[in-house]
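Summary of structural features
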Amino acid sequence: MKTIKLSATDSTNSFLKDLAQNSTLENFTTVVTQNQIKGRGQQQNKWVSEPHKNLTFSIFISFTDLKVVQKNI
């Protein structure tokens, strides 16, 4: 697992999304920051956090690499 530590970023989610579009990432690459300025929540909601008081991170998972196993019971 690769971890990218940032002192500050607009959004760990946006940072990771841009990185994934411009490079090849290994599964479970994690971006962590102490200060997230413009965090993104679900359905266009904003994620507001105070520096050093919240867990602010995003994890990259490629679903194309995951295998689904079906069992007949």
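Here we summarise the structure given alongside this text. As the structure is a computational prediction, the values presented were derived from the model and not from experiment. (Residues numbered from 1 in each chain as written. Predicted model: local features only at pLDDT ≥ 70, side-chain atom pairs only at ≥ 80, totals over all residues. Heavy atoms only, no water.)

Across six bridges, strand β1 (residues 3-9) lies against strand β2 (residues 30-36) in parallel orientation. Note that in β2 the partner of Leu 6 across the bridge is Thr 33. In this fold, the crossover linking β1 to β2 by way of helix α1 (residues 12-22) has right-handed handedness. Here β2 runs beside strand β5 (residues 57-59); their pairing, made up of three bridges, is antiparallel. From the neighbouring strand, Thr 30 faces β5, where its bridge partner is Ile 59. (Pairing = 2+ DSSP bridges. Helix = DSSP H or I, 4+ residues; strand = E, 2+ residues; numbered from the N terminus. Right-handed = clockwise from strand over helix to strand, strands pointing away.)

Ordered in space as β1-β2-β5, the three strands form an open sheet in which the pairing is mixed. Each edge of the open sheet is held by one strand with a lone partner, namely β1 and β5. Averaged over neighbouring strand pairs, the angle between their axes works out to 20° when direction is ignored. (Axes fitted to C-alpha atoms, helices over the stretch in contact; angles between N-to-C directions.)

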